[in-house]
Amino acid sequence: MIEYEKLYNEVKRNLSERRFKHTEGVIKRSIEFAEIYNVDKEIVKLSALAHDIAKELSKEEIENYINSYNIQLDEIEKQNRNLIHSKIGAYICKNKYNFTDDMVNSVMYHTTGRENMSMLEKIIYLADATEENRKYCSKYYVDIIKENINKGIVEIQKWTINKLLEENILIHPDSIKCYNYYIEGNRRGNRDVL
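Peer 1: An account of the side chain of Ser30 is requested, with residue identities and associated values reported.
Peer 2: With respect to the helices and strands, the residue Ser30 is situated in helix H2 (residues 17–37). With near-sequence residues (within four places) excluded, Ser30 lies in contact with Val44, Ala48, Ile123, Ile124 and Ala127.

Peer 1: Which residues make up the environment of Gly113, and what are the values?
Peer 2: For Gly113, the location among the structural elements is in the loop between helix H7 (101–108) and helix H8 (119–130). Look at Gly113 and you get buried, because its relative accessible area is 0%. For Gly113 and Ala127, which are 14 residues apart along the polypeptide, the C-alpha to C-alpha distance reads 12 Å. Beyond its immediate stretch of four places on either side in the chain, Gly113 contacts Tyr125, Gln157, Asp174, Ser175 and Cys178.

Peer 1: I'd like to hear about the pattern of salt bridges, residue by residue, with values.
Peer 2: Applying the stated criterion across every chain yields a total of 15 salt bridges. A salt bridge links Glu10 to Lys96, with the nearest nitrogen and oxygen atoms 2.6 Å apart. In this pair, Glu10 is assigned in helix H1 (residues 4–14) and Lys96 in the loop between helix H6 (84–95) and H7, connecting sequence segments 86 residues apart. Asp143 is the partner of Lys139 in a salt bridge, and the nearest nitrogen-oxygen pair spans 2.6 Å. Here Asp143 and Lys139 lie together in helix H9 (residues 139–147), a separation of 4 residues that amounts to about one turn. A relative accessible area of 61% places Lys139 in the exposed class. Taken together, the shared-partner salt bridges connect Arg29, Glu32 and Lys146 into one network.

Peer 1: So what's going on with the packing of aromatic side chains? Which residues, and what values?
Peer 2: Taken as a whole, this structure holds 8 aromatic pairs when the rule is applied. A ring pair is formed by Tyr69 and Tyr91, whose centres lie 4.6 Å apart and whose planes are at 35°; its orientation type is tilted. Of this pair, Tyr69 sits in the loop between helix H4 (59–68) and helix H5 (75–79) while Tyr91 sits in helix H6, placing them 22 residues apart in sequence. The exposure class of Tyr91 is partly exposed, given its relative accessible area of 24%.

Peer 1: Describe the environment of Asn14, naming the residues involved and giving the relevant values.
Peer 2: With respect to the secondary-structure elements, Asn14 resides in helix H1. By relative accessible area, Asn14 is classed as partly exposed at 42%. In sequence terms Asn14 and Asn105 are 91 residues apart; their C-alpha atoms lie 21 Å from each other. One polar contact links the side chain of Asn14 to the main-chain carbonyl oxygen of Glu10, over a distance of 2.9 Å.

What counts, and at which threshold
Residues numbered from 1 in each chain as written. Predicted model: local features only at pLDDT ≥ 70, side-chain atom pairs only at ≥ 80, totals over all residues. Heavy atoms only, no water. Helix = DSSP H or I, 4+ residues; strand = E, 2+ residues; numbered from the N terminus. Contact = heavy atoms within 4.5 Å. Buried < 20%, exposed > 50% of the residue type's maximum accessible area, 1.4 Å probe, protein only. Salt bridge = Lys/Arg side-chain N within 4 Å of Asp/Glu carboxyl O. Phe/Tyr/Trp six-rings, centres within 6.5 Å; stacked < 30°, edge-to-face > 60°. Polar contact = N/O pair within 3.5 Å; in protein donor to acceptor, adjacent residues only side chain to side chain.

In structure tokens, the structure reads:
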């Protein structure tokens, strides 16, 4: 697996200053959550650092990855290009950085979430949504996540889905399934979910 310093320099080179500042915020927030939920901080740091590795690729670079590596996009991803960077990023993390499957999934689902996420996936998903540079980030969300990470997922999904509805943007099925999975688990007090 790639060393942190080498990846840090590569990510910094490939992202704008604004996007890299966001990435540093995700690293900071993910470490905060990892300490609470007892997840390996080195794995969390690498995953957080790489989560947006493909965010600022050019249209030509995106098409090259999709065509050269047979990356499959569903209909919603084809219409909402903001979702594509997660799939390409996951491919890069697996094939270039030799990330574990769990780390790859944390990159793959950091935008939409999904049903039955691992703790690492939850941390990267929520750190991306609540890092301190996000305009909508508030102590309210962070406090909920620190108290109960799965209730935090429900709150972030509600916020995200409402925003997508307001902007008339298609909602990816993974987001809906994620919301339904965690809201149902929270209602039932399901210890596998909670």
